[in-house]
Amino acid sequence: MKQLTVLVPNERGVAARIASCLAEREVNIEEIDIEGVEDHGIVVLSVDRYDEALRALSDQGFRVITQDTLLVRLNDKPGALAAIAVRLKDAGPDLRSMHILRRDSGHTVASLVASDNAKAAEVLRDVLVVEPK
């Protein structure tokens, strides 16, 4: 799965501008996380049409970073995410980001980015939703 990270000013209307930009190109937002810290904002999203979203956002002047992510499925219980973070720490890859995408039927699906996704995929093979290509 690919993830788009958009670096934006922390100002009113940024979410509307991003959503409208993608809607105009008929790109469906599947997951979105918006965080503001002081003057800066970060929008992390996954979409149904990755290349078109990247073009649309870039055409509108947004600074976009792309990353491959790993999807993991965990039991929805306290400590499940901690166990994943510890496994990665012990194996070497640095955990750069983790987002809970959905929780249902006693399970949590999360996306994560590591400093070495290939090694992280090996370490987490038992909980991967989809094997990376």
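Below: a short report on this structure. Each chain carries its own residue numbering, running from 1 in the direction its sequence is written. Two thresholds apply to this predicted model, a pLDDT of at least 70 for residue-level local features and 80 or more for giving and counting side-chain atom pairs, whereas whole-chain, interface and lining totals are computed over all residues. Side-chain calculation: all heavy atoms of the structure are included, whereas hydrogens and water are not.

## Comments concerning the packing of helix 1 (residues 14-24) against helix 2 (residues 50-59)
Link 1 in the chain: The axes are straight lines fitted to the C-alpha atoms, using for helices just the contacting stretch, and the angles between their N-to-C directions are given from 0 to 180°. Secondary structure follows DSSP: runs of H or I at least 4 residues long count as helices, runs of E at least 2 residues long count as strands, and numbering of each begins at the N terminus. Running from amino to carboxyl end, helix 1 crosses helix 2 at an angle of 125 degrees, the nearest separation of the two axes being 9 Å. Viewed along their axes, helix 1 and helix 2 adopt a mutual orientation that is oblique. Classified by chirality, the crossing of helix 2 by helix 1 is right-handed. Every residue of helix 2 that contacts helix 1 at Ile 18, Cys 21 and Leu 22 is listed here: Ala 53, Ala 56 and Leu 57.
Link 2 in the chain: For this classification, the nonpolar set comprises Ala, Val, Leu, Ile, Met, Phe, Trp, Tyr, Cys and Pro, the charged set comprises Asp, Glu, Lys and Arg, and every other residue, Gly included, is treated as polar. Within the contact of helix 1 with helix 2, the residues separate by chemical class into 6 nonpolar, no polar and no charged. In these notes the angle categories are as follows: under 35 degrees is roughly parallel, over 145 is roughly antiparallel, 65 to 115 is roughly perpendicular, and the rest is oblique. Rotating anticlockwise by less than a right angle from the far helix to the near helix defines a left-handed crossing, while the corresponding clockwise rotation defines a right-handed one. Throughout, a residue-residue contact means that at least one pair of heavy atoms, one from each residue, lies within 4.5 Å.

## Structural notes on the pattern of salt bridges
Link 1 in the chain: Here, a salt bridge means any Lys or Arg side-chain nitrogen found within 4 Å of an Asp or Glu carboxyl oxygen. For the structure shown, the criterion picks out 8 salt bridges.
Link 2 in the chain: With a shortest N-O distance of 3.4 Å, Glu 11 and Arg 17 are connected by a salt bridge.
Link 3 in the chain: For the salt bridge of Arg 103 with Asp 76, the shortest nitrogen-to-oxygen distance reads 2.9 Å. Of the two residues, Arg 103 is situated in strand 6 (residues 95-104) and Asp 76 in the loop between strand 5 (70-75) and helix 3 (80-91); the sequence distance between them amounts to 27 residues.

## Side note on helix 1
Link 1 in the chain: Between buried and exposed lies partly exposed: a residue is buried under 20% and exposed over 50% of the maximum accessible area for its type, with that area taken using a 1.4 Å probe on protein chains only. Looking at helix 1, one finds that the buried residues are Val 14, Ile 18, Cys 21 and Leu 22. Angularly, the buried residues of helix 1 cover 90 degrees about the axis, an arc narrow enough to put them on a single face. The outward face of helix 1, more than 90 degrees from its buried face, is lined by the exposed residues Ala 23 and Glu 24.
Link 2 in the chain: On its buried side, helix 1 packs onto strand 1 (2-9), strand 2 (29-37), strand 3 (40-47) and helix 2.
Link 3 in the chain: Looking at the residues trailing helix 1, positive phi occurs at Glu 26, about 60 degrees. Each direction from the helix axis to a C-beta atom contributes to the arc, which is the arc of those directions.

## A short note on helix 3
Link 1 in the chain: Helix span, expected: 1.5 Å multiplied by one less than the number of residues in the helix. The terminal C-alpha atoms of helix 3 lie 17 Å apart, and with 12 residues this matches the ideal 16 Å at 1.5 Å per residue to within 8%.
Link 2 in the chain: The complete set of buried residues in helix 3 reads Ala 80, Ile 84 and Leu 88. Down the axis of helix 3, the buried set is contained in an arc of 80 degrees. They therefore lie on one face. For helix 3, the exposed residues set more than 90 degrees away from the buried face come down to Lys 89 and Asp 90.
Link 3 in the chain: Contacts from the buried residues of helix 3 go to strand 5, strand 6, strand 7 (107-114) and helix 4 (117-123).
Link 4 in the chain: Positive phi appears at Gly 92, one or two residues downstream of helix 3, with a value of about 120 degrees.

## Structural notes on the nonpolar core
Link 1 in the chain: Buried Ala, Val, Leu, Ile, Met, Phe, Trp, Tyr and Cys residues form a nonpolar core when they are joined through side-chain atoms within 4.5 Å. Ranked by size, the top nonpolar core spans 17 residues in total, and within it Leu 4, Val 6, Ile 18, Leu 22, Val 47 and Leu 57 carry the most contacts.
Link 2 in the chain: Looking at this core, the elements with two or more residues in it are strand 1, helix 1, strand 3 and helix 2.
Link 3 in the chain: When sequence neighbours within four positions are dropped, the list of residues in contact with Val 47 reads Leu 4, Leu 22, Val 27, Asn 28, Ile 29, Glu 30 and Ala 53.
Link 4 in the chain: Membership of the second largest hydrophobic core comes to 14 residues, among which are Ile 84, Ala 110, Ala 114 and Val 127.

## Some details on the environment of Val 113
Link 1 in the chain: Turning to its location among the elements, Val 113 is positioned in strand 7.
Link 2 in the chain: On the basis of relative accessibility, which here comes to 4%, the residue Val 113 falls in the buried class.
Link 3 in the chain: Non-local contacts of Val 113, meaning those with residues more than four positions away in its chain, are made with Gln 3, Gln 67, Asp 68, Thr 69, Asp 94, Leu 95, Arg 96 and Ser 97.

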